[in-house]
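Here are the chains, one letter per residue:
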Amino acid sequence: QVQLVESGGGLVQPGGSLRLSCAASGSISSRNAMAWYRQAPGKQRELVAAINSGGSTNYADSVKGRFTISRDNAKNTVYLQMTSLEPEDTAVYYCNRVAKYVSGSYYALGSWGQGTQVTVSS
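Structure report, in brief.

Cut-offs applied
- Residues numbered from 1 in each chain as written.
- Predicted model: local features only at pLDDT ≥ 70, side-chain atom pairs only at ≥ 80, totals over all residues.
- Heavy atoms only, no water.
- Core = buried A, V, L, I, M, F, W, Y, C linked by side-chain atoms within 4.5 Å.
- Buried < 20%, exposed > 50% of the residue type's maximum accessible area, 1.4 Å probe, protein only.
- Helix = DSSP H or I, 4+ residues; strand = E, 2+ residues; numbered from the N terminus.
- Salt bridge = Lys/Arg side-chain N within 4 Å of Asp/Glu carboxyl O.
- Contact = heavy atoms within 4.5 Å.
- 1 Å grid on protein atoms, 1.4 Å probe; cavity = no way out; pocket = protein on both sides within 12 Å on 5 of 7 lines; lining within 4 Å.
- Points joined across faces, edges and corners; volume = space filled by probe spheres on them.
- Nonpolar A, V, L, I, M, F, W, Y, C, P; charged D, E, K, R; others polar.
- Phe/Tyr/Trp six-rings, centres within 6.5 Å; stacked < 30°, edge-to-face > 60°.

**Digging into the nonpolar core**
Okay, so step 1: Membership of the largest hydrophobic core comes to 25 residues, with the highest contact counts inside it found for W36, F67, L80, M82 and Y93.
Okay, so step 2: Those elements that place two or more of their residues in this core are β3 (18-24), β4 (33-39), β5 (46-51), β7 (67-72), β8 (77-82), β9 (91-100) and β11 (116-120).
Okay, so step 3: Here this core gets four residues from one element, more than from any other, and that element is β3.

**Re the pattern of salt bridges**
Okay, so step 1: This model, assessed by the stated rule, comprises five salt bridges.
Okay, so step 2: Put simply, D89 and R38 hold a salt bridge, and the shortest N to O gap is 2.9 Å. Of this pair, D89 sits in the loop between β8 and β9 while R38 is found in strand β4, placing the two residues 51 residues apart along the sequence. The same class applies to D89 as to R38, namely buried.

**Quick notes on the environment of G55**
Okay, so step 1: Position of G55 relative to the elements: it lies in the loop between β5 and β6 (57-59).
Okay, so step 2: In sequence terms G55 and T83 are 28 residues apart; their C-alpha atoms lie 20 Å from each other.

**Considerations on unusual backbone geometry**
Okay, so step 1: If you check the backbone angles, N76 has positive phi at about 55° while not being a glycine.
Okay, so step 2: Here N76 is to be found in the loop between β7 and β8.
Okay, so step 3: Notably, S84 is not glycine yet its phi reads approximately 45°, a positive angle.
Okay, so step 4: You can see S84 is positioned in the loop between β8 and β9.
Okay, so step 5: Overall, S84 belongs to the partly exposed group, its relative accessible area being 40%.

**A word on the side chain of D89**
Okay, so step 1: Judged by its relative accessible area of 1%, D89 is buried.
Okay, so step 2: Ignoring anything within four residues of it in the chain, the contact list for D89 reads R38, R66, F67, S84, V118 and V120.

**Observations concerning the environment of K100**
Okay, so step 1: As for its position among the elements, K100 is in strand β9.
Okay, so step 2: Along the chain, K100 and Y79 lie 21 residues apart, while their C-alpha atoms are 20 Å from each other.
Okay, so step 3: With near-sequence residues (within four places) excluded, K100 lies in contact with S105, Y106 and Y107.

**Points about empty space enclosed by the protein**
Okay, so step 1: Within the structure shown, the criterion is met by one cavity of 30 Å³ or more.
Okay, so step 2: Roughly 50 Å³ of internal volume is contained in the largest cavity.
Okay, so step 3: Partitioning the lining of the largest cavity into residue classes produces two nonpolar, four polar and one charged.

**Some points on the packing of aromatic side chains**
Okay, so step 1: On inspection of all chains with the given rule, the structure shows three aromatic pairs.
Okay, so step 2: For the pair Y37 and W112, a centre-to-centre distance of 5.0 Å together with 85° between the ring planes defines the contact as edge-to-face. Taken as a pair, Y37 in strand β4 and W112 in the loop between β10 (106-108) and β11 lie far apart in primary sequence, 75 residues in all.
Okay, so step 3: Residue Y37 is classed as buried on the basis of its relative accessible area of 8%.
Okay, so step 4: Its relative accessible area of 33% is what places W112 among the partly exposed residues.
Okay, so step 5: With a centroid separation of 5.8 Å and an interplanar angle of 75°, the aromatic rings of Y94 and W112 are classed as edge-to-face. Remark: W112 occurs in the loop between β10 and β11 and Y94 occurs in strand β9; sequence separation between them is 18 residues.

Written out as structure tokens, the structure is:
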């Protein structure tokens with residue numbers, strides 16, 4: 001079973017940037033779609049960005065133009081570059097393998113890791 005370990009979080013001022021990494025203990029098939037989720041205190045986990053096997057990406061409206069998801073299959077790693085961070089981006093960020101419902105929405109396939117905390121505050 002593939003285990004995913006998220007890293008790269010931290011405390012950053014509004015307007016700042018962070019790059020999150022998601023490293024897989026096993027091989028991530030290049031056919032797997034991958035996604036980043038986040039969960040803020042008292043809120044449900046929400047999908048932030050997804051990337052499919054062909055490299056096509058999807059983003060939540062709240063992060064479009066600010067976040068970029070990418071993957072390096074050779075390194076079994078998925079990244080989330082975050083810029084122009086806002087206090088509303090404060091959350092624990094998780095990655096996971098995902099698939100799509102017929103409706104087009106994504107659902108997570110694997111178990112959740114520990115996540116990485118991102119705090120945006122002055």
